[in-house]
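Single-letter residue listing:
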Amino acid sequence: MTRGSWKFGAWSAGGQSVVSALLALNNLWSEKGFDAVSFWIYTAWFAVSMAQFLYLLRVRRSDAPFWDEEEARRADWDRRGRQL
């Protein structure tokens with residue numbers, strides 16, 4: 001996973017979490033309350049989004065050495081290109 005794809009995944013998971021939480025809270029405060037099926041759907045969506053976001057945080061931590069190595073390789077390539 002590259003940093004760009006991680007950033008996209010993190011922003012999309014964060015956005016999904018916020019939207020699903022807002023929809024669940026809005027549905028909770030409606031007249032139906034907990035009886036509404038959509039409340040439970042939004043709550044499940046929130047749980048899945050948070051699991052995805054937590055997984056991405058774990059990936060970021062475990063892939064950091066790979067990303068650092070990739071950036072060092074690119075910097076070395078740029079340095080060699082400027083020497084020519």
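All of these numbers come straight from a predicted model, not from anything done at the bench.

1. Things to note about the overall build of the chain
- Counting its regular elements, the chain contains 2 helices and 0 strands.
- The buried share of the chain, reckoned over its 84 residues, is 19%.
- Of the contacts formed within the chain by residues at least 6 apart in sequence, a portion of 68% connects residues at least 24 apart.
- For the chain, the exposed surface amounts to about 6600 Å²; the carbon and sulfur share of it is 65%.

2. Overview of the nonpolar core
- If you look at the biggest cluster of nonpolar residues, it comprises 6 residues: Trp6, Ala10, Ala13, Leu56, Val59 and Trp67.
- Those elements that place two or more of their residues in this core are α1 (3-28) and α2 (37-83).

3. Some words on the pattern of salt bridges
- The full count for this structure, using the stated rule, is 3 salt bridges.
- Here Asp76 ties to Arg79 by a salt bridge, and the two come within 2.2 Å at their closest N and O atoms. Of this pair, Asp76 and Arg79 both sit in helix α2, 3 residues apart, which is roughly one turn of the helix.
- A salt bridge links Arg80 to Asp76; the nearest nitrogen and oxygen atoms lie 3.1 Å apart. Taken as a pair, Arg80 and Asp76 lie in helix α2 at a separation of 4 residues, close to a single helical turn.

4. Describing the environment of Ser20
- One can find Ser20 in helix α1.
- Classification of Ser20 as buried rests on a relative accessible area of 0%.
- Separated by 26 residues in the primary sequence, Ser20 and Phe46 have C-alpha atoms spaced 5.2 Å apart.
- With residues near it in sequence (within four places) discarded, Ser20 still touches Tyr42, Trp45, Phe46 and Ser49.
- A polar contact of 3.5 Å, which involves the side chain of Ser20, links it to the backbone nitrogen of Phe46.

Rules and cut-offs
- Residues numbered from 1 in each chain as written.
- Predicted model: local features only at pLDDT ≥ 70, side-chain atom pairs only at ≥ 80, totals over all residues.
- Heavy atoms only, no water.
- Helix = DSSP H or I, 4+ residues; strand = E, 2+ residues; numbered from the N terminus.
- Buried < 20%, exposed > 50% of the residue type's maximum accessible area, 1.4 Å probe, protein only.
- Contact = heavy atoms within 4.5 Å.
- Areas by Shrake-Rupley, 256 points an atom, 1.4 Å probe, with all protein chains shown as cover.
- Core = buried A, V, L, I, M, F, W, Y, C linked by side-chain atoms within 4.5 Å.
- Salt bridge = Lys/Arg side-chain N within 4 Å of Asp/Glu carboxyl O.
- Polar contact = N/O pair within 3.5 Å; in protein donor to acceptor, adjacent residues only side chain to side chain.

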